[in-house]
Protein chains: 2
Amino acid sequence: MMSQRDRSDLKAFFEPDSVAVFGSLREGFGLGYGMVRNLRQFGYSGKIYPISPFHSEVMGMKACSSVDEVVEPIEAAIVITPPPTVPGIVGQCAHKGVKAVIIVSENFAEAGGDGVRYQKQLEDIARRTGIRIIGPNTVGVFNPETGFLTNPYILVQDKIRKGGVAYCSQTGSVGLAAKPLEERFYPVRLLCDIGNKCDVDESDVLNYLADDQHTKAVAMHIENAKDGRKFLEAAQSVVTRKPLLLIKGGKSEAGAEAMTSHTASLAGNEQVYDAVMKQVGALRLSSWEEYWEVPRVFNSQPLPGGNRVAIITGSGGLGVTVIDVAVESGLVMAKFSSATREKLRKLSPRLGGNPVDFGPVLSVADDPFVVQREIIETVLKDENVDCVAASLYAGFDALIPHIVATFQGLREQATKTMTIHLYGMKCAVLDEMSRQLEALGFPAYLDFELAVKSLGFAARYSRIRAELAQ
Amino acid sequence: MMSQRDRSDLKAFFEPDSVAVFGSLREGFGLGYGMVRNLRQFGYSGKIYPISPFHSEVMGMKACSSVDEVVEPIEAAIVITPPPTVPGIVGQCAHKGVKAVIIVSENFAEAGGDGVRYQKQLEDIARRTGIRIIGPNTVGVFNPETGFLTNPYILVQDKIRKGGVAYCSQTGSVGLAAKPLEERFYPVRLLCDIGNKCDVDESDVLNYLADDQHTKAVAMHIENAKDGRKFLEAAQSVVTRKPLLLIKGGKSEAGAEAMTSHTASLAGNEQVYDAVMKQVGALRLSSWEEYWEVPRVFNSQPLPGGNRVAIITGSGGLGVTVIDVAVESGLVMAKFSSATREKLRKLSPRLGGNPVDFGPVLSVADDPFVVQREIIETVLKDENVDCVAASLYAGFDALIPHIVATFQGLREQATKTMTIHLYGMKCAVLDEMSRQLEALGFPAYLDFELAVKSLGFAARYSRIRAELAQ
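So, here is what we can say about the structure in this document. All values reported here derive from a predicted model rather than from experimental measurement.

Further remarks concern the environment of Gly255 of chain A. Position of Gly255 of chain A relative to the elements: it lies in helix α8 (residues 253-262). Gly255 of chain A sits in the buried class, given a relative accessible area of 0%. In contact with Gly255 of chain A, not counting residues within four places along its chain, are Gly250 of chain A together with Val320, Ile323 and Asp324 of chain B.

Now for the relation of the copies chain A and chain B. Between the two copies, chain A and chain B, the superposition gives an RMSD of 0.0 Å; the rotation angle is 180° and the shift along the axis is 0.0 Å. With respect to symmetry, the two chain copies, as superposed, fit the operation of a two-fold axis. No C-alpha of chain A approaches the rotation axis more nearly than that of Cys427 of chain A, which lies at 4.8 Å. An overlap of 98% is found between the interface residues of chain A and their copies at the interface of chain B, pointing to a shared contact surface.

With that settled, consider the sheet that holds strand β11 (residues 188-193) of chain A. All names here are of chain A. Spatially, β9-β8-β11-β10-β12-β13-β14 is the arrangement adopted by the seven strands of the open sheet, whose pairing is mixed. Where the open sheet ends on each side, the last strands, each with one partner, are β9 (148-149) and β14 (283-284). Here helix α6 (residues 202-211) sits on the sheet in contact with β10 (162-169), β11, β12 (217-222) and β13 (244-248), set at roughly 175° to β12. Along the sheet face, helix α7 (residues 228-239) touches β12 and β13 and points at about 140° away from the line of β13.

Attention now moves to the packing of aromatic side chains. Residue and element names in this part refer to chain A. Within this structure, the stated rule accounts for 24 aromatic pairs over all chains. Measuring from ring centre to ring centre gives 5.4 Å for Tyr393 and Tyr423, while their planes differ by 40°; the resulting arrangement is tilted. Of the two residues, Tyr393 is situated in strand β18 (residues 387-393) and Tyr423 in strand β19 (residues 417-423); the sequence distance between them amounts to 30 residues. Looking at Tyr393, the relative accessible area reads 23%, which means it is partly exposed. Ring-pair connections join several aromatic residues into one group, and the members of that group are Tyr167, Tyr186, Trp288, Tyr291 and Trp292. The aromatic ring of Tyr445 is capped on one face by Arg296, whose charged end is 4.7 Å from the ring centroid.

Attention shifts here to the sheet that holds strand β1 (residues 18-23) of chain A. Residue and element names in this part refer to chain A. One open sheet accounts for five strands, arranged β2-β1-β5-β6-β7; its pairing is parallel. Two strands in the sheet have a free side with no partner beyond their single neighbour: β2 (47-51) and β7 (132-134). Taken pair by pair, the neighbouring strands of this sheet meet at an average axis angle of 20°, ignoring direction. Along the sheet, helix α4 (residues 86-96) makes contact with β1, β5 (76-80), β6 (100-103) and β7, crossing β6 at roughly 165°.

This brings us to the interface of chain A and chain B. Each partner contributes residues to the interface: chain A has 62 residues there, and chain B has 62 residues. Both faces combined, the contact of chain A with chain B buries some 5,000 Å², and carbon together with sulfur accounts for 59% of it. Here chain A is connected to chain B by four salt bridges. With a closest N to O distance of 4.0 Å, Glu110 of chain B and Arg350 of chain A form a salt bridge. Ranked by residue count, the leading element in the side of chain A that touches chain B is helix α12 (residues 316-328) of chain A, at nine residues. Class assignment for the residues of the side of chain A that touches chain B results in 29 nonpolar, 18 polar and 15 charged.

Tallied over the entire structure, the rule returns zero disulfides over all chains. Left unpaired, Cys427 of chain A is separated from the closest cysteine sulfur, that of Cys427 of chain B, by 7.7 Å. Cysteine Cys93 of chain B shares no disulfide, and the gap to the nearest cysteine sulfur, in Cys64 of chain B, comes to 12 Å.

Our focus in this paragraph is helix α15 (residues 368-381) of chain A. Residue and element names in this part refer to chain A. Taking 1.5 Å of rise per residue, the 14 residues of α15 would be expected to cover 20 Å, and the 20 Å separating its terminal C-alpha atoms lies within 8% of that figure. Taken as a whole, α15 has its buried residues at Phe369, Val371, Gln372, Ile375, Ile376, Glu377, Thr378, Val379 and Leu380. Backbone nitrogen of Phe369 and a side-chain oxygen of the N-cap are separated by 3.0 Å at the start of α15; the cap is Asp367.

Our next topic: the nonpolar core. Counting 204 residues, the largest nonpolar core has Leu176, Met220 and Leu244 of chain A together with Leu176, Met220 and Leu244 of chain B as its most contacted members. In contact with Met220 of chain B, other than residues within four places in its own chain, are Cys168, Glu202, Val205, Leu206, Phe231, Leu244, Leu245, Leu246, Ile247 and Tyr291 of chain B. The next biggest cluster of nonpolar side chains, apart from the first, holds 38 residues, and it includes Ala334, Val361, Val385 and Val404 of chain A.

This part is about the environment of Phe407 of chain B. Residues and elements named next belong to chain B. Mapped onto the fold, Phe407 is located in helix α16 (residues 400-413). With relative accessibility at 0%, the residue Phe407 sits in the buried group. Sequence separation between Phe407 and Ile376 is 31 residues; the distance between their C-alpha atoms is 9.7 Å. Here Phe407 is in contact with Ile376, Leu392, Met418, Ile420, Leu437, Leu440 and Phe442, once residues within four sequence places are set aside.

What counts and how
Residues numbered from 1 in each chain as written. Chains lettered and ligands numbered in written order. Predicted model: local features only at pLDDT ≥ 70, side-chain atom pairs only at ≥ 80, totals over all residues. Heavy atoms only, no water. Helix = DSSP H or I, 4+ residues; strand = E, 2+ residues; numbered from the N terminus. Buried < 20%, exposed > 50% of the residue type's maximum accessible area, 1.4 Å probe, protein only. Contact = heavy atoms within 4.5 Å. Least-squares fit on C-alpha atoms with pLDDT ≥ 70 in both. Pairing = 2+ DSSP bridges. Axes fitted to C-alpha atoms, helices over the stretch in contact; angles between N-to-C directions. Phe/Tyr/Trp six-rings, centres within 6.5 Å; stacked < 30°, edge-to-face > 60°. Lys NZ or Arg CZ within 6 Å of the ring centre and 35° of its normal. Buried area = accessible area lost by both parts, 1.4 Å probe. Salt bridge = Lys/Arg side-chain N within 4 Å of Asp/Glu carboxyl O. Nonpolar A, V, L, I, M, F, W, Y, C, P; charged D, E, K, R; others polar. Disulfide = S-S within 2.5 Å. Expected span 1.5 Å × (residues − 1). Polar contact = N/O pair within 3.5 Å; in protein donor to acceptor, adjacent residues only side chain to side chain. Core = buried A, V, L, I, M, F, W, Y, C linked by side-chain atoms within 4.5 Å.

Written as structure tokens, this is what we have:
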């Protein structure tokens, strides 16, 4: 048996030096072909060993008929072949000394019948030989840094920028193809679908991510925890070092019922799940949108010292509705210091309160960008403010350099948590503005409520960290 | 005094034959100039009368120094001049026989001081002369059909497609510049910011929209109702004919406090608001995202006969989490008829349940599009199904014609409510796919949960309509 420590070393799954690909190498259509094509497309720099008894070549590379033909050592393997062939392949990999196998094939335990038996065989091989397995029934992993991925389907993309958020799920549908990850600037450390969990489970992944220096936040979708106690400990290990954000299916009775038939896992564990939330300090996400968007604040912003938020907006009406969201997210509206109030009132007698409605001020200012920056700076410096959400108009290209200049200046002095809401009529302008702000380390949201909610999550995690440190 | 019926005739605000523009005509910078430029940019075909004592010409058009100089009748006026000048201008307009004035200028009651007095004068003029006023402190209206708009700012757009949803708010921030309305296919009947409500209020607008044949759904943001009983009656008048979706600021104490200072309106009315929700059958929106997205289902889809939903997805895991959302939205998971179950099982022994997870079937189908269409058709035809949400992969361009062909076929037989969730890596592909589905009358969402929530709203409104008809 491996120790818990060894078991959490999943490095071979995410950054292998070499990989064997098992699957049909039929040009254009074979899933093994797709794997090889995608590994090349994303610039994977390790050595690729295509394995197939039916083809001797793929994309100009020599294919071997079995893994035994390969002389060099191989670190990882991807398998997408019919279920009856999989245990044999994994056995050969174990014999060859492969450390990590990702089984993308489906129709195992989740399909019932013989699939259950094949999955059991895989479990036995893992236990007996020490080879580690992710899957089966998974799209596996993606690492933007190394270009290593196990997705065999057509992907109209060839890179994703590297970031600090690990997105892990028990479904492939929230993986690489789920979102315009590159175009919309998601800071991905890695993606991982744990599938049927015949060996590697959610707890192993959490232990790995707890140790991973480059992971700044973990967003995880689970249907159930395989081992409640192990999950609790792994979650705790993450939370002491970085935020853990969880989304879980099966809250409703109908949902729980459907879950059982999905990944062949026992439904329920609501108690374990609630315990993790309460005892350990993991944070509950309430939608897939939050799953993708909320962790972004942890990628580049400092944790707030408290939960006092300032809201800056050009619209009084929008300000009012987001106050409700702030309160629901556990934030309180900051009471500005008298120095701040005075400074703001000098800019306009109508300023001084929170939310700061700068609409009327900017519309009459000689240089609205100077005033805008002065307002944001003043609010950020206030000792009674822990975090700031600002809503800015990104209506046309000419605004971009002005807003970027403002935030370049702010970045140097920023020690407080800040999120930005952008609005405007043109997707291209919003995207470019978002991209430039993200590059400066300011997460931009197209929904003001999300920008505020994210601060709420940051403040809650900050409090949890402070409590753990006591 | 006008009768309630007369008061709800707001036609002159939304489709005037002619409009006077009061405001600075300084080239490039004047807000009156901006109005004239934008009216032309959006193709407003009525007659425009620029009015300014300081300029005799704007964009090649003759300007008059006062409205009295204009010989022809004028139906509407837009005013963006300093507050002290506004009552005089509106008085002249009333004398000239102008029916509707939109006052975009700010610094009235919401700013305190003299502004309160000026607003009082406007109220008096409206009452005395019968001229109708929207505002002050508003960005006014936008009608995509006539190109009539009252926004003076730079807009990088020249048209918005006409649709059936009236979006009305008590803030300009959710208006024309808030969203990529054209690029993201929002079906706008009209936009209206009611501002400080010195005359026209939320109830007048509701009465107008209740009668408007082209309005299929009303999304409304209010901070307070000026007259509780009137609002209740107006809301009822809408709900008997079309859905009314409401979002309200000031739920939290901090929110209510901020509201008071925003539009100079008394906070609260939570009782009135709750009464409207419960007695009248208006539906409560819980976020701005819902405000924009949910009404889209009412634009082109039939109302469901009940709340039994079928969920079709390529991902079991995604299916499980949206079941929870369905249940929270008041839907129940449809139990398929034995005929449906049998038909689905013929396609695959793993099909037959709800959600329909077609992932494993499609991945091995000879022609996945034929199978996909057969599954959707079978489910739509089931007598135990009232509405359907389907999640489809829109990963690359080559998929678009196949999916469009499927839905062209489905459109001819579609009598049930259907929404679509699209996912993929490329914004351009998602946008084009959405555009084509919208053109066929199928609302496409980039968030599965929103697609399901929208069906929940449709089912709730359907039940309300049925109860009202009894």
